[in-house]
Amino acid sequence: MKIGFIGLGRMGGNIVLHLLEGGIEVVVWNRSPKPRGELRKEANKLKKGAKNLIVAESLEELINKLDIPRVIWVMITAGEAVDALIADLVNKLDKGDLIIDGGNSFYKDSIRRAKKLSQKGIHFMDVGTSGGVESARHGACLMIGGSKEDFKRAEPVFKAEAAPGGYELLGPAGAGHFAKMVHNGIEYGMMESIGEGAAILENSPFNYDLRKVFQVYSVQSIIQSRLVSWVLAELKTDPNLDNISSVIGSAGGAGKTKGEGHWTLQVAKEMGIETPVIKASLTVRENSDKDSQNSPAAFRNKVVAAMRWQFGRHPVKKG
């Protein structure tokens, strides 16, 4: 199968490499040229699949190199950038072409885009993509929204990108991004509780080596998880987290940019569902820039930031 792929950031580039290895032909384009060159170099290192890559120098070239009906996966920053790109694509695509939004878009935006595109005869699917940059490269979790017909059409791509058993059509357009939104709300609460527990351990009377504690936690414990393993991975290289900022950041964090956590709270409020854990975790993130750098709260924040670095290479490192 042959698809177009737009957006070669941390997640996008790794998804493309995994698709290439899975036998998918991929025509890629990125607005800035540097990621295009970097992807070409990485693809040349692959044991198999490098021949399946075509790097387009323009959006028009990408479209012209795809078979009709086209399938184009978009992996760019949520919001206005997605609308702008879709507006550009609409004028260049044909009826029956399919756009897949694999970014972290708000589910209501995905519903709106699907309806608007359908008026032009263009199909739309939304894919909530989880697992961080490592999973993007070796097998991600895909939460998919769209029609059954489009799902069957694009399933070879989803199967090639997902970890075994890690993809599913969850409902019509918007369902994928809704599930990913709730997933991230849950994630925020889990990360915060791990950070709080680590801070309690760090300030206990037992002078724990947290590397040993998290090593034990990561083997057959009830809280065994990728999040716990990511804390362990960072502690092994930086035992005191000296190189991690205590300002967590992120969408909805110190930068105050609204993201999936806030969207989850908004939707829960509309449904009359109390979400005290997710709400508290977001409050901590928003106020993390106010915590004293030497306080127990700062260490708690560093643990959360360390997890974000491990799974997404988010900018939480000092210097």
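Structural notes, computed from the coordinates. Sequence order as written defines residue numbering, which begins from 1 separately in each chain. In keeping with the predicted nature of the model, local features appear solely for residues at pLDDT of at least 70, side-chain atom pairs appear and are counted solely at 80 or more, and the whole-chain, interface and lining totals rest on all residues. Each side-chain value is derived from all of the structure's non-hydrogen atoms; neither hydrogens nor water enter the calculation.

## Some details on the overall build of the chain
Applicable threshold: Secondary structure follows DSSP: runs of H or I at least 4 residues long count as helices, runs of E at least 2 residues long count as strands, and numbering of each begins at the N terminus. Radius of gyration here is computed from C-alpha atoms only, and the compact-globule reference equals 2.2 Å multiplied by the residue count raised to the power 0.38. Each residue is assigned to one of three classes by its accessible area relative to the maximum for its type, calculated with a 1.4 Å probe on protein chains only: buried under 20%, partly exposed between the two thresholds, exposed over 50%. In this analysis, two residues are considered to be in contact whenever any of their non-hydrogen atoms come within 4.5 Å of each other. Computed with a 1.4 Å probe, the accessible areas rest on the Shrake-Rupley method; for each residue, only the protein chains presented here act as cover.
Within the chain, the secondary structure is distributed over 13 helices and 8 strands. What you see for the chain is a C-alpha radius of gyration of 21 Å, in line with the 20 Å of a compact globule of 319 residues. When its C-alpha atoms are laid out on the principal axes, the chain stretches across 65 × 50 × 35 Å. Looking at the chain residue by residue over its 319 residues, the buried ones come to 53%. Restricting to contacts in the chain with at least 6 residues of sequence separation, those with at least 24 account for 69%. Counting every atom, the chain has about 15,200 Å² of accessible surface; 54% of that belongs to carbon and sulfur.

## A look at the nonpolar core
Note the cut-off: Residues grouped as a nonpolar core are buried Ala, Val, Leu, Ile, Met, Phe, Trp, Tyr and Cys residues, joined through side-chain atoms within 4.5 Å.
One finds F5, W73 and F158 to be the most contacted residues of the largest nonpolar core, which totals 36 residues. Excluding residues within four positions of it along the chain, F158 makes contact with W73, I100, M125, V127, L142, I144, F151 and Y167. Ranked by size, the runner-up nonpolar core spans 26 residues in total, among them L210, W230, V284 and M307.

## Points about helix α2 (residues 33–44)
Applicable threshold: Residue count minus one, scaled by 1.5 Å, sets the expected span of a helix. Note: the arc covers the axis-to-C-beta directions of the helix.
Spanning 12 residues, α2 covers 17 Å between terminal C-alpha atoms, matching the ideal 16 Å at 1.5 Å per step. Where α2 is concerned, the buried positions are P35, R36, L39 and A43. End-on view of α2: buried residues confined to an arc of 105°, all on one side of the axis. Seen from the open side of α2, the exposed residues pointing more than 90 degrees away from its buried face are P33, K34, K41 and N44. Looking at the packing, one finds that the buried side of α2 touches α1 (10–21), β2 (25–29) and β3 (53–55).

## Digging into the packing of helix α11 (residues 260–271) against helix α12 (residues 276–287)
For clarity, the threshold we go by: Think of each axis as a best-fit line through the C-alpha atoms, taken over the contacting stretch in the case of a helix, with angles from 0 to 180 degrees between the N-to-C directions. Handedness of each helix crossing follows the sense of rotation of the near helix against the far helix: counterclockwise by less than a right angle gives left-handed, clockwise gives right-handed.
Two numbers describe how α11 lies on α12: the axes approach to 10 Å, and their chain directions differ by 145°. Helix-helix and strand crossings are classified by hand; for α11 and α12 the assignment is left-handed. In contact with G261, H262, T264 and L265 of α11, α12 contributes I278, K279, L282 and E286.

## A few points about unusual backbone geometry
For residues other than glycine, phi is negative in most cases, and the peptide bonds are mostly trans. With an omega of 0°, the peptide bond between I68 and P69 qualifies as cis. For P69, the position within the fold is in the loop between α3 (59–64) and β4 (71–74). Of note in the backbone geometry, N207 takes a positive phi value of approximately 50° without being a glycine. Summarising the element assignment, N207 is placed in the loop between α8 (175–202) and α9 (210–217). For N207, a relative accessible area of 70% gives the class exposed. The backbone phi angle of L241 is positive, close to 55°, even though this residue is not glycine. Assignment of secondary structure puts L241 in the loop between α10 (226–237) and α11. With a relative accessible area of 1%, L241 lands in the buried category.

## Considering the packing of aromatic side chains
Applicable threshold: A pair of Phe, Tyr and Trp rings is counted when the ring centres sit within 6.5 Å of each other, with Trp represented by its six-membered ring. The angle between the planes then sorts it: under 30 degrees is stacked, over 60 is edge-to-face, the rest tilted.
Counted under the stated rule, the structure contains 10 aromatic pairs. Judged by centre distance (5.9 Å) and plane angle (20°), the rings of F151 and F158 are stacked. Each member of the pair, F151 together with F158, is buried. Residues W230 and F311 carry aromatic rings whose centres are separated by 5.5 Å and whose planes lie at 45° to one another, so their mutual orientation is tilted. Of this pair, W230 sits in helix α10 while F311 sits in helix α13 (residues 296–312), placing them 81 residues apart in sequence. Overall, F311 belongs to the buried group, its relative accessible area being 12%. An aromatic cluster is built from F5, W73, F151, F158 and Y167, whose rings are joined through pairwise contacts.

## Points about the layout of surface pockets
Selection rule: Here a cavity means grid points, on a 1 Å grid over the protein atoms only, where a 1.4 Å probe fits yet cannot get out; a pocket means an open set of points with protein on both sides within 12 Å along at least five of seven lines; lining residues are those with an atom within 4 Å of a point. Grid points are joined across faces, edges and corners, and a volume is the space filled by probe spheres set on the points. When residues are sorted by character, Ala, Val, Leu, Ile, Met, Phe, Trp, Tyr, Cys and Pro go into the nonpolar class, Asp, Glu, Lys and Arg into the charged class, and all the rest, Gly among them, into the polar class.
Here the second largest pocket is characterised by a volume of approximately 230 Å³. Every residue lining the second largest pocket is listed: L265, A268, K269, G272, I273, E274, T275, P276 and K279. Elements with a minimum of two residues in the lining of the second largest pocket: α11 and α12. Sort the elements by how many residues they give to the lining of the second largest pocket and α11 lands first, with 3 residues. A class-by-class count of the residues in the lining of the second largest pocket yields 4 nonpolar, 2 polar and 3 charged.

That's the geometry; what it means functionally is another story.
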